[in-house]
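Tertiary structure, described
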Amino acid sequence: MIDPRLVREAPDLIRASQRARGLDESTVDAVVEADERRRATIARYDALRNEQKSLGKGVATAAGEERASLLARTKALSTEVKTAEAEQVAAADRARELLLSVPNIVADGVPPGAEENYVVLEHVGAPRDFAAEGFVPLDHLALGGLHKAIDTERGAKVSGSRFYYLTGIGARLELALVNLAMAHAAEGGFTPMIPPALVKPRAMEGTGFLGQAAQDVYRVESDDLYLVGTSEVPLAAYHSDEILDVADLPLRYAAFSPCYRREAGSYGRDTHGIWRVHWFDKVEMFVFTRPEDAAAEHERLLEREKDFLGLLELPYRVIDTAAGDLGLSAARKYDIEAWIPSREGYGELTSTSNCTDFQARRLGTRMRTGDGTAAVATLNGTLCSMARFIVAVLENHQQSDGSVRVPAALQPYLGGLDVLKPERG
RNA sequence: GGUGGCGUGUCCGAGCGGCCGAAGGAGCACGCCUCGAAAGCGUGUGAGGGUGCAAGCUCUCCGUGGGUUCAAAUCCCACCGCCACCGCCA
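What follows concerns the domain arrangement of chain A. Domain boundaries assigned for chain A yield domain 1 (4–100) and domain 2 (115–420). Computed from C-alpha coordinates alone, the two centres of domain 1 and domain 2 are separated by 44 Å. Contacts between the two partners involve four residues from domain 1 and, on the opposite side, eight residues from domain 2. Around 480 Å² of area is buried between domain 1 and domain 2 when both sides are counted, 46% of it from carbon and sulfur atoms. Of all residues in domain 1, Pro-4, Arg-21 and Leu-100 bury the most surface against domain 2, accounting for 84% of the area lost on that side. Linking domain 1 to domain 2 there are four residue pairs in polar contact (both at pLDDT 80 or more). The residue inventory of the side of domain 1 that touches domain 2, partitioned by class, reads three nonpolar, no polar and one charged.

Structure representation (structure tokens):
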């Protein structure tokens, strides 16, 4: 939720943000109008309630005729107060509902417009020239078969399309990546966390996943719970309804959890292999900090992600996502896309968003400052999403004989293994 | 799943239906004292909204949602959560 004060004090700022995202500016007018109505009903209710309270106190001491007439008046007031309260609540609900529908204010410098308007900030490393090396690279599914590491057929048999089993070295590879990622996070001052992957509606709502993104979320109807699509959800909600001491900020967490996504509306897209799946595991970073430090913290998260791809010796590019492609909560988002040989292009491996105080306001996460309280800023960033990193590692480090070179940083987590050799038979 | 108990401010802990946003204590902040500190003494110390240049005035919040009443932290109902014991499962 954006700062309600903006509605009165800077509606043009909201309009500009809507425009950058390619959204309707007229919703701002509706929000302003609802806010005016809300305030008017509050004034009316307050006045009536004040009269009721002050007269009510007189009832206790009054006697005889005076008491009778007081009672008559207060009885009438009682009804009026109830009506006014109902109106006030309705107006407040309406105003809040509209306010909640407004996405976060786009940060300065974000490229405006739709998805394709992203800006490439930098390229790191160069894609391998397999032609020059004299062989045609295999895709990750072929490599996964060769190494008996990925089994999508049985995944489909047991759970349906877009499910898979990681087997043997595939499973070991995931565990190694998890441990490397967690170590890399701890080194950066992030507290390791293992959060619940099933959350209440409040947590889902507060993080902004029940709006446009609702169709992508698995819901467990029998218990009114949701399967999270990212541990950003349980991490963001971790400090909900809490007032944090500003001296404790920033709070940095790194969580390992499964992620579940319905992928509604992506039928037929990326159906090959485990690039786009309904479930994967992920190590995610999350930060609570002061709003004035959020932009700098965002750069830190990006650096940590870049370093991690560096450890895995993957060639990649960094993009500054266009306003129209930002989620509800994000003011700015950087994606890291690694070169994926089988796609003959770059594919998204990580994403880091600065949500400023947008999520925190919904979740009731505040900080105590010298003079009062204020919503904190929240940021999130992928450190390692297992399925896609496995794809990237297998494809980028494959050799002409089908073996796969293990990056030095990963070797200690695979018992010193430096090359994955195809299984025989 | 069953039975019983409990849910109050940062924490502990009081609270006859009106004078309770709420006693008392702890903690914290500031001041006094001290060479400095501790102790001691004094003062202050919840959040959110409306209105106002401001001082201020005012409304809401005592797990959540309903109800009774002129008036509810206080009475009634439902739900949620916590604790204990029993059952069940690991």
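This brings us to the environment of Leu-121. Counting through the fold element by element, Leu-121 comes out in strand 1 (residues 119–124). A relative accessible area of 43% places Leu-121 in the partly exposed class. Residues Leu-121 and Arg-317, 196 residues apart in the sequence, show an inter-C-alpha distance of 7.4 Å. Beyond its immediate sequence surroundings of up to four residues, Leu-121 is in contact with Val-318, Ile-319, Asp-320 and Tyr-334.

Inspection of the secondary structure assignment puts Asn-396 in helix 13 (residues 386–396). Of the residues examined, Asn-396 reaches a relative accessible area of 3% and is grouped as buried. Among the polar contacts listed, one links the side chain of Asn-396 to the backbone oxygen of Ala-392, at a separation of 2.9 Å.

This brings us to the protein's contact with RNA strand B. The full set close to RNA strand B counts 20 residues, and Arg-8, Asp-46, Arg-49, Asn-50 and Thr-373 are the nearest of them. Restricting the count to atoms of RNA strand B within 4 Å of the protein gives a sugar and phosphate share of 74%. In the environment of RNA strand B, a base nitrogen lies 2.5 Å from a nitrogen or oxygen atom belonging to the side chain of Asp-46. Here Thr-373 contributes a side-chain N or O atom positioned 2.4 Å from a phosphate oxygen of RNA strand B. At the level of elements, helix 3 (26–61), helix 4 (64–100) and strand 14 (365–369) are the ones that each hand at least two residues to the surface near RNA strand B. When residues of the surface near RNA strand B are assigned to their parent elements, the largest contribution, 12 residues, is made by helix 3. Residue classes in the surface near RNA strand B are distributed as five nonpolar, six polar and nine charged.

This paragraph deals with the pattern of salt bridges. As a working rule, side chains carrying opposite charge can pair if their charged atoms are close by. This structure, assessed with the given rule, holds 26 salt bridges. Note that Glu-25 is salt-bridged to Arg-19, the shortest N-O span being 2.9 Å. The partner of Asp-151 in a salt bridge is Arg-154, with the nearest N and O atoms 2.8 Å apart. In this structure, a network of salt bridges that share partners links the residues Asp-3, Arg-5, Asp-357 and Arg-361.

Looking now at the packing of aromatic side chains. One pass over the structure, following the stated rule, counts seven aromatic pairs. Where Tyr-253 meets Phe-288, the ring centres are 6.2 Å apart and the plane angle is 80°; that geometry is what we call edge-to-face. Linking Tyr-253 in strand 9 (residues 251–260) with Phe-288 in strand 10 (residues 279–289), this pair joins segments that are 35 residues apart in sequence. Relative accessible area serves as the criterion here: at 0%, Phe-288 is assigned to the buried category. Taken together through their ring pairs, the aromatic side chains of Tyr-238, Tyr-253, Phe-286 and Phe-288 make up a single cluster.

Our next topic: helix 4. Relative to the 54 Å expected for 37 residues at 1.5 Å per residue, helix 4 spans 53 Å between its end C-alpha atoms, a close match to the ideal helical length. Turning to helix 4, its buried residues number three or more, namely Leu-70, Thr-74, Leu-77, Val-81, Ala-84, Gln-88, Ala-91, Ala-95, Leu-98 and Leu-99.

Note that His-184 resides in helix 8 (residues 169–187). By relative accessible area, His-184 is classed as buried at 7%. With near-sequence residues (within four places) excluded, His-184 lies in contact with Arg-304, Asp-307, Phe-308, Leu-311 and Leu-383.

This part covers the sheet that holds strand 6 (residues 218–220). Overall, antiparallel pairing links the three strands, which are arranged 5-7-6 in an open sheet. Strand pairing shows two members of the sheet lacking a second neighbour, strand 5 (198–199) and strand 6, which therefore form its edges. Examined bridge by bridge, strand 5 and strand 7 (residues 225–227) share two bridges and lie antiparallel to one another. If you follow Val-199 over to strand 7, its bridge partner there is Tyr-226.

Their axes nearest at 11 Å, the elements helix 8 and helix 11 (residues 294–311) cross at an angle of 140°. Considered as vectors, helix 8 and helix 11 are oriented oblique to each other. By crossing handedness, the relation of helix 8 to helix 11 is classed as right-handed. Contact with helix 8, carried on its side by Leu-177, Leu-180, Ala-181, His-184 and Glu-187, involves Arg-304, Asp-307, Phe-308 and Leu-311 of helix 11 and no other residues of that element.

Definitions and cut-offs
Residues numbered from 1 in each chain as written. Chains lettered and ligands numbered in written order. Predicted model: local features only at pLDDT ≥ 70, side-chain atom pairs only at ≥ 80, totals over all residues. Heavy atoms only, no water. Domains from an automatic or database assignment. Contact = heavy atoms within 4.5 Å. Buried area = accessible area lost by both parts, 1.4 Å probe. Polar contact = N/O pair within 3.5 Å; in protein donor to acceptor, adjacent residues only side chain to side chain. Nonpolar A, V, L, I, M, F, W, Y, C, P; charged D, E, K, R; others polar. Helix = DSSP H or I, 4+ residues; strand = E, 2+ residues; numbered from the N terminus. Buried < 20%, exposed > 50% of the residue type's maximum accessible area, 1.4 Å probe, protein only. Near = heavy atom within 4 Å. Salt bridge = Lys/Arg side-chain N within 4 Å of Asp/Glu carboxyl O. Phe/Tyr/Trp six-rings, centres within 6.5 Å; stacked < 30°, edge-to-face > 60°. Expected span 1.5 Å × (residues − 1). Pairing = 2+ DSSP bridges. Axes fitted to C-alpha atoms, helices over the stretch in contact; angles between N-to-C directions. Parallel < 35°, antiparallel > 145°, perpendicular 65-115°, else oblique. Left-handed = near helix turned anticlockwise from the far one by under 90°.

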